[in-house]
Amino acid sequence: MNKNKALTQLASVVILTSVVAGCARFETRTQASGEFDYQDVELINKYDHGDVPQVEQRTVFDIKPLTAEQTALGLEGKDVDVRPPAQLMAVLDGVILDSSKTETKVWFNTFKQNNDHTKKVVDLALEYLAYKNATPNIQSQSPVIIDSGLVTSERTYGSLSKSTVLEEGEYQLTIETAPDNHSVSLVVDAQSYQEKNDDYQVQNTLQGRAKRNVEIRFINEMLQFANLKQQIEAKQVADNRPLPIKLGFDDNHQTAWIVDAEFLETWAKLPSLLSTMSFKLVDSDKNLGYFLVRFVEQDEEYWQENMLNPITLEGGEYFVQLGELVGGDTSITWLDEDKKPLTNQQVTELYLSITDNVRNVILDKESQTKPL
């Protein structure tokens, strides 16, 4: 018992240590490991050369002076940002980073020739700036040059101990269609930038790699905004799309409805169709994949208003059982209140009651693509 207790205490210490170690604040995450005592050390006369030949031992070292670039871009001590260079996160198809060393440029490469390429990228930029509550100003139309106005971003890091980073920057965006008329370039030039971590003003030099990191982060956030916007629009299209249903057989060779959609989509949309067919929901179990419904008989006017052929099923409770088929389709099996399958004729008549206006679906291929 004592041994088990000791092991339990040891595990608790390890877990607590891991939690505390994971609470490092943003300021320390961007710094080198250890203290900054190296800034106050003194040069010694001799050093331990180890396996290095004796001739390598010397007391005079040739330390070259800093170059003009190092002097302009260099930071000292805790102001040195040791994070790796920012990388383009191409969450949209066909977006690539240009190899230019003098400017931060990305290409949008999956346009059709008859599209207004530049307008799409301009619209994206303006929508993103509006989302960030910036006040953009279009300076030129050919190429399109946009001054972003002040763009503010706020991020929170940590769980137990939180750190808030506030970024403010102004950017000039240049958008231009390539001569091939199939791609559009976007150049981002950071005009001003400052970063504050809680009460600490992070030192930045808006030149070189540091400037490029700021510009890449701006592009990544804009692409993330575009990707989220596409997902929302695609979901809206999917939600408004009727279920593509056909008559067939389930895995038990029983007459069933076959839906060309996955289980979750079918589960979400089927209640609306059942309601239109005058089936009132009594109970449901997603884990077991069934709906218990009650059929309510209707007059001729009801069926006409809902674009359905009349359903002659006897009033009462029925089970609508969903099943997952190989290949991703979903089967819908109809059962009576005793969970006995309805006859093939009844299942067929229920299927035929749904007219083409309700059952058929036209796939919008444009809504399924990821490019801008």
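Residues numbered from 1 in each chain as written. Predicted model: local features only at pLDDT ≥ 70, side-chain atom pairs only at ≥ 80, totals over all residues. Heavy atoms only, no water.

**Digging into the pattern of salt bridges**
So, step 1. Going through the model one piece at a time under the given rule, you end up with twelve salt bridges.
So, step 2. Between Glu221 and Lys132 there is a salt bridge whose closest N-O contact spans 3.9 Å. On the criterion of sequence distance, the pair formed by Glu221 in helix H5 (residues 208-240) and Lys132 in the loop between helix H4 (117-131) and strand E3 (137-141) is long-range, its members being 89 residues apart.
So, step 3. A salt bridge links Arg155 to Glu167, with the nearest nitrogen and oxygen atoms 1.8 Å apart. Of this pair, Arg155 sits in strand E4 (residues 144-157) while Glu167 sits in strand E5 (residues 163-177), and the two are twelve residues apart along the sequence.
So, step 4. Using a relative accessible area of 23% as the deciding quantity, one classes Arg155 as partly exposed.
So, step 5. Glu167 gets classed as buried once you look at its relative accessible area, which sits at 7%.
So, step 6. Each of Lys132, Arg155, Glu167, Arg217 and Glu221 takes part in salt bridges that share partners, so that together they form one network. (Salt bridge = Lys/Arg side-chain N within 4 Å of Asp/Glu carboxyl O. Helix = DSSP H or I, 4+ residues; strand = E, 2+ residues; numbered from the N terminus. Buried < 20%, exposed > 50% of the residue type's maximum accessible area, 1.4 Å probe, protein only.)

**What to know about the confidence of the model for the chain**
So, step 1. The share of residues in the chain with pLDDT of 70 or more is 80%, and the mean pLDDT across the chain is 82.
So, step 2. Ignoring residues within four places in sequence, the model shows residues 360-369, a span with pLDDT below 50, making twelve contacts including any to other chains. (pLDDT = per-residue confidence, 0-100. Contact = heavy atoms within 4.5 Å.)

**As for helix H6 (residues 263-276)**
So, step 1. With 14 residues, H6 extends 20 Å from end C-alpha to end C-alpha; this agrees with the ideal 20 Å at 1.5 Å per step.
So, step 2. Where H6 bends most, at Lys269, the angle is about 35°, and the proline Pro271 comes one to four residues later.
So, step 3. Turning to H6, its buried residues are Phe263, Thr266, Trp267, Lys269, Leu270, Leu273 and Leu274.
So, step 4. Looking one or two residues beyond H6, the residue adopting positive phi is Ser278, at roughly 75°. (Expected span 1.5 Å × (residues − 1). Bend = angle between axes of the 7 residues up to and from the residue.)

**Some words on empty space enclosed by the protein**
So, step 1. In the structure shown here, the tally under the stated rule is two cavities of 30 Å³ or more.
So, step 2. Empty space within the largest cavity amounts to approximately 110 Å³.
So, step 3. Surrounding the largest cavity, 13 residues form its lining, Ser153, Glu167, Tyr171, Phe218 and Glu221 being those nearest its centre.
So, step 4. Across the lining of the largest cavity, the residue classes break down as six nonpolar, two polar and five charged. (1 Å grid on protein atoms, 1.4 Å probe; cavity = no way out; pocket = protein on both sides within 12 Å on 5 of 7 lines; lining within 4 Å. Points joined across faces, edges and corners; volume = space filled by probe spheres on them. Nonpolar A, V, L, I, M, F, W, Y, C, P; charged D, E, K, R; others polar.)

**Structural notes on the sheet that holds strand E8 (residues 245-249)**
For sheets, the rule is that strands pair by backbone hydrogen bonds, running either parallel or antiparallel.
So, step 1. Strands sit in the order E8-E9-E13-E12-E11-E10 across an open sheet of six strands; the sheet is antiparallel. On the outer flanks of this sheet lie E8 and strand E10 (279-285), each paired with one strand and no other. Going from strand to strand, the sheet's axes swing by 30° on average, the running direction of each strand aside.
So, step 2. Each of E8, strand E9 (255-259), E10, strand E11 (290-295), strand E12 (316-324) and strand E13 (330-336) touches H6; the most contacted strand, E12, lies at about 160° to it.
So, step 3. Across the sheet, helix H8 (residues 344-353) touches E8, E9, E10 and E13, and the angle it forms with E9 is around 30°. (Pairing = 2+ DSSP bridges. Axes fitted to C-alpha atoms, helices over the stretch in contact; angles between N-to-C directions.)

**So, H8**
So, step 1. Within the span of H8, buried status applies to Val347, Leu350, Tyr351 and Ser353. Looking down the long axis of H8, one finds its buried residues gathered within 160° of arc, a one-sided arrangement. Residues of H8 that are exposed and point over 90 degrees away from its buried face: Gln345 and Leu352. (Arc of directions from axis to C-beta.)

**Describing the packing of aromatic side chains**
The relative placement of two aromatic rings is captured by the distance of their centres and the angle of their planes.
So, step 1. Going through the model one piece at a time under the given rule, you end up with 13 aromatic pairs.
So, step 2. Ring geometry for Tyr290 against Phe319: centres 5.6 Å apart, planes inclined by 70°, an arrangement best described as edge-to-face. Separated by 29 residues along the polypeptide, Tyr290 in strand E11 and Phe319 in strand E12 bring together distant segments of the chain.
So, step 3. On the accessibility criterion, Phe319 (11% relative accessible area) is buried. (Phe/Tyr/Trp six-rings, centres within 6.5 Å; stacked < 30°, edge-to-face > 60°.)

**Some points on the pairing of strand E2 (residues 104-108)**
So, step 1. Most of E2 sits inside the fold, with five of its five residues counted as buried.
So, step 2. Every second residue of E2 is oriented toward a common face, with Thr104, Val106 and Phe108 on one face and Lys105 and Trp107 on the other, all of them buried.
So, step 3. Pairing analysis gives three bridges linking strand E1 (residues 95-97) to E2, with the strands arranged antiparallel. Bridging from a neighbouring strand, Val95 pairs with Phe108 of E2.
So, step 4. Taking the residues between adjacent antiparallel strands as the criterion, E1 and E2 are bridged by six residues.

**Digging into a negative patch on the surface**
So, step 1. A surface patch of like charges, here negative, comprises Glu297, Glu314, Glu337 and Asp338.
So, step 2. Overall, the relative accessible area of 56% leaves Asp338 in the exposed class. (Patch = residues over 30% accessible without salt bridge, like charges linked within 9 Å, V, L, I, M, F, W, Y side chains within 5 Å. Areas by Shrake-Rupley, 256 points an atom, 1.4 Å probe, with all protein chains shown as cover. Lys, Arg positive; Asp, Glu negative; His and termini not counted. Charge placed at Lys NZ, Arg CZ, Asp CG, Glu CD.)

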